[in-house]
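# Working through the structure, step by step
Listed here are the chains, written in short residue letters.
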Amino acid sequence: QLQRKILILTICAAGIGGTFQYGYNISIINAPTSYIQTFMNETWLERTGVPLESSVILLLWSFTVSAYPLGGLTGAVVAGPMAIMLGRKMSLLLNNAFVIIAAVLSGFSRTAKSFEMIMLGRFFTGVNAGVSMNVQPMYLAESAPKKLRGAVALTSASFTALGLVLGQVVGLRELLGGEESWPFLLASNVVPALIQLTSLPWFPESPRYLLIDRGDTESCISALQKLRGNSDLSAELEEMLAEQAALKGQRAKNPWELFQNPALRWQLMSIVVLSSAMQLCGNDSMYFYAAYVFQEAGIPQDKIPYVVIGTGSCELITSVTCNLIIDYAGRRPLLLGGYTFMAGWAVVFMVALSQQTQISWMPYLSMACIFAYILSFGIGPAGVTGVLPTEVFDQMSRPAAYMICGSLLWFNLFLVGTAFPFIVKSLGHFCYIPFLVVCICTALYVGIFLPETKGKSFLEISEEFKKRNFKAQTHAGFYKGPEEIKSTVL
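Residues numbered from 1 in each chain as written. Predicted model: local features only at pLDDT ≥ 70, side-chain atom pairs only at ≥ 80, totals over all residues. Heavy atoms only, no water.

### Quick notes on the overall build of the protein chain
Looking only at helices and strands, one finds 23 helices and 0 strands in the protein chain. Whereas a compact globule of 490 residues would reach a radius of gyration of roughly 23 Å, the protein chain reaches 23 Å, a difference of no more than 12%. Every one of the 490 residues in the protein chain was classed for burial, and the buried ones make up 55%. Long-range contacts, defined here as pairs at least 24 residues apart, represent 83% of the contacts in the protein chain between residues at least 6 apart. Of the charged side chains in the protein chain, 33 are positive and 31 negative, and the gap between their average positions amounts to 5 Å. (Helix = DSSP H or I, 4+ residues; strand = E, 2+ residues; numbered from the N terminus. Rg over C-alpha atoms; globule rule 2.2 N^0.38 Å. Buried < 20%, exposed > 50% of the residue type's maximum accessible area, 1.4 Å probe, protein only. Contact = heavy atoms within 4.5 Å. Lys, Arg positive; Asp, Glu negative; His and termini not counted. Charge placed at Lys NZ, Arg CZ, Asp CG, Glu CD.)

### What about the packing of aromatic side chains?
Enumeration over the complete set of coordinates arrives at 10 aromatic pairs. On the basis of an interplanar angle of 55 degrees and a centroid distance of 5.3 Å, the ring pair of Phe39 and Trp182 is categorised as tilted. Residue Phe39 is found in helix H3 (residues 33-48), and its partner Trp182 is found in helix H8 (residues 182-187); the two are separated by 143 residues along the sequence. On the accessibility criterion, Trp182 (2% relative accessible area) is buried. (Phe/Tyr/Trp six-rings, centres within 6.5 Å; stacked < 30°, edge-to-face > 60°.)

### Digging into the nonpolar core
Among the nonpolar cores identified, the biggest contains 75 residues, and Tyr339, Trp410 and Tyr432 are the most heavily contacted of them. The two domains that each donate at least three residues to this core are domain 1 (1-203) and domain 2 (253-470). In this view, Tyr432 contacts Gly282, Ser285, Met286, Ala346, Phe349, Met350, Tyr373 and Phe420; residues no more than four positions away in its chain are not counted. Membership of the second largest hydrophobic core comes to 42 residues, among which are Ala13, Leu92, Val152 and Tyr402. (Core = buried A, V, L, I, M, F, W, Y, C linked by side-chain atoms within 4.5 Å. Domains from an automatic or database assignment.)

### Things to note about a nonpolar patch on the surface
Together, Met85, Leu86, Met90 and Leu94 line one region of the surface with nonpolar side chains, adding up to about 380 Å² of accessible area. Topologically, Leu94 is positioned in helix H5 (residues 88-107). (Patch = residues over 30% accessible without salt bridge, like charges linked within 9 Å, V, L, I, M, F, W, Y side chains within 5 Å. Areas by Shrake-Rupley, 256 points an atom, 1.4 Å probe, with all protein chains shown as cover. Salt bridge = Lys/Arg side-chain N within 4 Å of Asp/Glu carboxyl O.)

### A short note on the domain arrangement of the protein chain
With domains assigned, the protein chain is organised as domain 1 (1-203) and domain 2 (253-470). Of the residues lining the interface, 41 residues belong to domain 1; the matching set on domain 2 comes to 44 residues. Taking both sides of the interface into account, the surface hidden between domain 1 and domain 2 amounts to around 3,300 Å²; carbon and sulfur atoms contribute 68%. When the area that domain 1 buries against domain 2 is broken down by residue, the three leading residues are Arg149, Leu154 and Gln168, summing to 18%. Linking domain 1 to domain 2 there are 2 salt bridges. Notably, a salt bridge pairs Glu142 with Arg398, separated by 2.8 Å at the nearest N-O pair. Applying the counting criterion to the domain 1 and domain 2 interface returns 8 residue pairs in polar contact (both at pLDDT 80 or more). Breaking the side of domain 1 that touches domain 2 down by element, the ones donating at least two residues are helix H4 (54-85), helix H6 (116-143) and helix H7 (149-170). Counting residues per element, the side of domain 1 that touches domain 2 draws most heavily on H7, which supplies 14 residues. (Buried area = accessible area lost by both parts, 1.4 Å probe. Polar contact = N/O pair within 3.5 Å; in protein donor to acceptor, adjacent residues only side chain to side chain.)

### Observations concerning the pattern of salt bridges
Applying the stated criterion across every chain yields a total of 12 salt bridges. Between Lys456 and Glu464 there is a salt bridge, with the nearest N and O atoms lying 2.6 Å from each other. Classification of Lys456 as partly exposed rests on a relative accessible area of 21%. Members of the salt-bridge network, linked through shared partners, are Arg88, Glu142 and Arg398.

### What to know about H6
Between its first and last C-alpha, H6 extends 40 Å over 28 residues, near the 40 Å set by a 1.5 Å rise per residue. The largest bend along H6 measures about 25 degrees and falls at Ser132. Summarising burial for H6: 24 of the 28 residues are buried, a large majority. (Expected span 1.5 Å × (residues − 1). Bend = angle between axes of the 7 residues up to and from the residue.)

### Topic: the state of the cysteines
By the definition in use, this model includes 0 disulfides. With no disulfide of its own, Cys314 lies closest to Cys369 among cysteine sulfurs, the gap being 13 Å. Of the residues examined, Cys314 reaches a relative accessible area of 11% and is grouped as buried. Distance from the sulfur of Cys369, which forms no disulfide, to the nearest cysteine sulfur (Cys431) is 12 Å. Using a relative accessible area of 0% as the deciding quantity, one classes Cys369 as buried. (Disulfide = S-S within 2.5 Å.)

### A word on the confidence of the model for the protein chain
Across the protein chain, pLDDT averages 85, with 94% of residues at or above 70. When mean pLDDT is compared element by element in the protein chain, helix H9 (residues 190-199) scores highest at 96, while helix H23 (residues 483-489) scores lowest at 34. Per-residue pLDDT stays below 50 along residues 476-490; that stretch engages in 18 contacts with residues further than four places along the chain or on separate chains. (pLDDT = per-residue confidence, 0-100.)

Right, here's the structure in full:
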C-alpha cells in the first residue's frame, strides 16, 4: 500500500513540473493575445514616436508564438544527452531552471517596457517543455512495474491535458486573464516548477538507468525497494540483468546511428510515423475552430471561454480513461480506434461546416464534432504515442529515439501552426482533407505493421522487432530504409 503511494507521488512530482508545463504554457498565451499586441504597439510608440502597422504587430505576435515550438525543438535535441549524462531525475530537476528564467523575463517585461523579453521567455518555456516531453515518459516507464508500465508512462498525457485545462481556467478574465494581470499569468508557470523542485528530490532515480547506464547494482536495488517495497524483486532484477548483459560493451547511441542500424528499421519507422501523425492529425487545429463554431451555435461571446474549457476537459477525461484501460486494451486497439474515429469525425465536420449557414442545426453538429474529435484523439494517440519509444527501443537507443520523436513533434507543431491559416484560406470548409488523409494512413500503418507491446518485457519486444527487421531484409533486399515512409507522412 505504501509503495503504491510512493509510485503515485513519484508520478505526480515528475508530472507537475514536466508535461503539465507543456499543456499549461500552450493555453495561457491565448487569453492575453490582444493585451500583449497593444503592449507591443505602445512600447514601440514610446521608443520611436511612430505606431506599428497592424501587419507588423501580427508579424511580431507570430514570432512570439513560434518561439515556443522553436524552444521545444531545442529542448528535444538537448533532452537525450541530458538524460544520458545527468540521469532522468536530475534532468527533470535542472530543466526547471529554463522555466524560472522564462517566468522572470515574462513577469518583468511590462516593467522593463520590453516585448522582446516575452519572446525570449516563450523560447525558454519551450526548451523546458521539449526536455520534459522526452525525459518524463522515459523516467516513469523505466520506474514502473511491467504490468503497469503503459498506465504509468501514459500519465504524461494526462498531465499535459490537466495543464491545458488549468491554463484555460487561470486565463479567464476573472483570474489572471485581465489587462492588468497578464504579466502574472505568463509568470505563473514558475509555481509548478517550484513544486517539482521541492518534491522530486525525495523520490528515487530510474532503477533501469542506475543499473544499465551506471552499472550501480546497489543503488538500483535501493531504488527498486523504495518503489516496490518488500515484494519479490528477483524476477524484475533478473530481467534487467539480462538486458544489461545483452547491451554489454555498448554505449548510448546517437540519433543518426539509429537510422544506420538495420536492426532498428521498423521501430524507427513506427515512431517516425506516429510522432508525425500526432501533430499532423489536426487535433490542435480543432481548438482554432472552436470559438468560431461556438459563436455560430449562438453561444454569447463572453461565455465562449467557458465552453472552450469544456474542450480541454474532454481531452483530460479521455486521457485519464486511457490510463485506466491501456494495460487491458493494449496499445494497438487504442491507436487504431483513435485514428479511425478521427477520420470519421473529420468527414462529418467538413460536411457540417459547409452547411453551417444553410441548415439551422448544423452549428450544433459542428460543435459535437469538435468534442468527438478531441475525445477520439485523447483516448489513443495523445497518450500511447509517448509510451511507444520507451517500449520499442532498448536502454542505449531510447534517449536518441526520444530526440527524434521530440524533434518531429515540435517541427510538425510549428509546421501546422504556420500552414493551417493558409490551408483554411485555400480549402475553406474542406480544410480538414489533409488531416483526414493523415488519420487514414496512420490507422492503416498501425493496423498492418505495428505489433502489440502490452505486458511484454523490453527484451521480448526487441526480439519481436528483430524477427520483423531481418525478415524484411531477406524478403525485400531493395528496401532503402525509413526515409521513404517518413517523406510520405510529412
